[in-house]
Amino acid sequence: MDYLPIFCQLQQKACLLVGGGEVAERKARLLMDAGADITVNAKEFTPQFDLWAKDGKLKQAHGEFSPALLEGVWLVIAATDDENVNDLVFQQASERQIFCNVVDAPKRASFIMPSIIDRSPLMVAVSSGGKSPVLARLLREKLEAILPQHLGQLARLAGDLRQQVKDKFSTITLRRRFWERLFAHDRLAQSLANQDAAMVDKHLTDLFEQPLEQRGEVVLVGAGPGDAGLLTLKGLQQIQQADVVVYDRLVSDDIMNLVRRDAERIFVGKRAGYHCVPQDEINQILLRNARNGKRVVRLKGGDPFIFGRGGEELEVLADDSIAFSVVPGITAASGCSAYSGIPLTHRDYAQSVRLVTGHAKKDTSLDWANLAAEKQTLVFYMGLNQAAEIEAQLIKHGMSKSMPIALVENGTSVQQKVVTGELSALGELALQVESPSLIIVGTVVSLRDKLNWFSAATKK
Ligand code: SAH
């Protein structure tokens, strides 16, 4: 081990920072977060330092570095752009046995600063021993992604609850299971962050009072349109904590590869030649697993509340008093728009955008006159089979035959295919693409010629 990792208590302890530039600013922020009593020594300061001094957050010592500044100091950071000054600070600090960090020069430092993930009071520090700060940073980013934002609040709460948990649960196994539930409890963490005391109390009562095996819940998660990079951080955290993942056809393999290895996977989508699992049966699968105490993730393509029947599934859970929460996803319209270079609104061409289903229930017909109005963009989901009808109705209700249209198949994935043309050819062009595809209608489609960045192939 080249360095011993330690966490220093710096509250109100005198610390010296030498340097008044932007690098020093970053170090000052860290020292402030740690509650240190900071003196900053420099010949010149950025305006930020003046502001901090004005707010009483630190003291400024103008002028050249002098060893007298080290008097009574616990820790020093040398962050000037002058190597000689940094060296001098290090040398003088070492003589006095004061720990000194020299920015970007680990060899000339008696301590180095790790990359940190701050979920106070939970702290994760990563260091490559000064060998590769970029590697440490990359690792930090990965850890940032998997550690929920509000984890620290749960850690703090856990500290307060320790005695109560000891009193309530007699064995170590029972306590461990309680703590595991608590730290995976996203809704509790959110209520803590919201400072919603009533909700916190409710969640805690549930945690303490319900038998452990009955604490299942369902998290409805939007997986986004295809590219796994478009999954949200919360979505990723949820699929990595799930006992069971119930998913359908639109969820990409790349995303399924991110699911926790031991989780049970239940596919409820349509396979070629087979029908979908009926909605009732899906509801039963969710209910059954949640009642058995499982943490169920219901994973859906795009956003679960946009043509995803997410609302319907949650109603069934609510009727059965099963706990649930929702993590939104990037809907196909947003994904396809970005990855095909077609902005859905534009100050000159479209003041609104409408997400329309091409697959309405039989007795609900669309308001075509309204859809054909000018200065808007239409995005049809599930519209491929209706493409000829959409073309005919929009033209009949006054839309120009030459209105630009695009069909985006498998948007955001490596197989994305985009076909563009005019409204009068929509029905015909729809034969060139397969499901899942979106139909975009509006003047904004013409911007694609200039804004396409994702793939070179523009098929007309
Ligand atoms: N909840 C989903 C939509 C489900 S409805 C969402 O928010 O995106 C299914 C329809 O979504 C498909 O028929 C298709 O029109 C559209 N769709 C979903 N993913 C798509 C993709 N990657 N590319 C193009 N269209 C897509």
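Bear in mind that the values here come from a model prediction, so they are computed numbers and not experimental data.

## Section: the pattern of salt bridges
On inspection of all chains with the given rule, the structure shows 18 salt bridges. Linking arginine 119 and glutamate 144 is a salt bridge whose minimum nitrogen-to-oxygen distance equals 3.0 Å. Residue arginine 119 is located in strand 6 (residues 115–119), and its partner glutamate 144 is located in helix 4 (residues 133–146); the two are separated by 25 residues in the primary sequence. Given the relative accessible area of 4%, arginine 119 is considered buried. According to the relative accessible area criterion, glutamate 144 is partly exposed, its value standing at 24%. Between glutamate 209 and lysine 168 there is a salt bridge whose closest N-O contact spans 3.7 Å. Pair noted here: glutamate 209 is in helix 8 (residues 197–209) and lysine 168 is in helix 5 (residues 151–168), with a separation of 41 residues, a long-range link. Accessibility expressed as a relative area gives 54% for glutamate 209, which makes it exposed.

## A few points about the domain arrangement of the chain
Under the domain assignment, the chain is made up of domain 1 (12–112), domain 2 (148–207), domain 3 (215–329) and domain 4 (335–449). The straight-line distance from the C-alpha centre of domain 2 to that of domain 4 is 48 Å.

## Focus on the site of the ligand
Around the ligand, 18 residues are found, and the nearest of them are Asp303, Ile306, Thr331, Gly411 and Ser437. Separating a nitrogen atom of the ligand from a backbone N or O atom of glycine 411 is a distance of 2.8 Å. The contact in question runs from an oxygen atom of the ligand to an N or O atom on the backbone of serine 437, over 2.7 Å. Calculation on the ligand without its partners gives an accessible area of 540 Å², and the protein chains cover 94% of this total. Counting only elements with at least two residues in the shell around the ligand, the list comes to helix 13 (332–340) and strand 17 (437–441). Looking at the shell around the ligand residue by residue, the classes come out as 11 nonpolar, six polar and one charged. Of the residues that make up the shell around the ligand, three or more belong to each of domain 3 (215–329) and domain 4 (335–449).

## What about the nonpolar core?
One broad rule of soluble globular proteins: the nonpolar side chains tend to lie buried together. Among the nonpolar cores identified, the biggest contains 22 residues, and Phe380, Leu394, Met399, Leu407, Leu426, Ile439 and Val441 are the most heavily contacted of them. Of all elements in the fold, only helix 14 (368–371), strand 14 (376–381), helix 15 (387–396), strand 15 (404–409), helix 16 (426–429) and strand 17 reach the threshold of two or more residues within this core. Excluding residues within four positions of it along the chain, methionine 399 makes contact with Leu371, Ala372, Leu378, Leu394, Leu423 and Val441.

## What about the UniProt feature "modified residue: Phosphoserine" (unreviewed entry) in the chain?
UniProt's feature table lists "modified residue: Phosphoserine" (unreviewed entry) at Ser128, given in the numbering used throughout. Relative to the elements of secondary structure, serine 128 occurs in the loop between strand 7 (122–126) and helix 4. Setting aside residues no more than four positions away along its own chain, serine 128 makes contact with Pro133 and Ala136.

## Things to note about the UniProt feature "domain: Siroheme synthase central" (unreviewed entry) in the chain
Per the UniProt record, "domain: Siroheme synthase central" (unreviewed entry) is annotated on residues 119–145. Regarding residues 119–145, the helix share stands at 48% and the strand share at 22%, and the terminal C-alpha atoms are separated by 12 Å.

## Examining the packing of aromatic side chains
In this structure the tally under the stated criterion is 13 aromatic pairs. Consider the rings of tryptophan 453 and phenylalanine 454, whose centres lie 5.4 Å apart with planes at 75°: the pair is edge-to-face. Given a relative accessible area of 52%, tryptophan 453 falls into the exposed group. A residue is classified by how much of its surface remains accessible, and phenylalanine 454, at 28% relative accessible area, is partly exposed. Of the aromatic side chains, those joined through ring pairs into one cluster are Phe169, Phe178, Trp179, Phe183 and Phe208. A cation sits over an aromatic face here: lysine 13 above tryptophan 74, 4.9 Å from the ring centre.

## What to know about the sheet that holds strand 17
Across the sheet, five strands lie side by side as 13-14-17-15-16; this open sheet has mixed pairing. The strands lining the two open edges of the sheet, one partner per strand, are strand 13 (352–357) and strand 16 (417–422). The average undirected angle you get between the axes of adjacent strands in this sheet is 20°. Two strands pair when backbone bridges link them, and strand 14 and strand 17 are joined in this way by three bridges, in the antiparallel orientation. Residue pairing across strands places phenylalanine 380 opposite isoleucine 439, the latter belonging to strand 17.

Thresholds, definitions, all that
- Residues numbered from 1 in each chain as written.
- Predicted model: local features only at pLDDT ≥ 70, side-chain atom pairs only at ≥ 80, totals over all residues.
- Heavy atoms only, no water.
- Salt bridge = Lys/Arg side-chain N within 4 Å of Asp/Glu carboxyl O.
- Helix = DSSP H or I, 4+ residues; strand = E, 2+ residues; numbered from the N terminus.
- Buried < 20%, exposed > 50% of the residue type's maximum accessible area, 1.4 Å probe, protein only.
- Domains from an automatic or database assignment.
- Near = heavy atom within 4 Å.
- Polar contact = N/O pair within 3.5 Å; in protein donor to acceptor, adjacent residues only side chain to side chain.
- Areas by Shrake-Rupley, 256 points an atom, 1.4 Å probe, with all protein chains shown as cover.
- Nonpolar A, V, L, I, M, F, W, Y, C, P; charged D, E, K, R; others polar.
- Core = buried A, V, L, I, M, F, W, Y, C linked by side-chain atoms within 4.5 Å.
- Contact = heavy atoms within 4.5 Å.
- UniProt positions renumbered as here; feature names shortened; annotations may be inferred.
- Phe/Tyr/Trp six-rings, centres within 6.5 Å; stacked < 30°, edge-to-face > 60°.
- Lys NZ or Arg CZ within 6 Å of the ring centre and 35° of its normal.
- Pairing = 2+ DSSP bridges.
- Axes fitted to C-alpha atoms, helices over the stretch in contact; angles between N-to-C directions.

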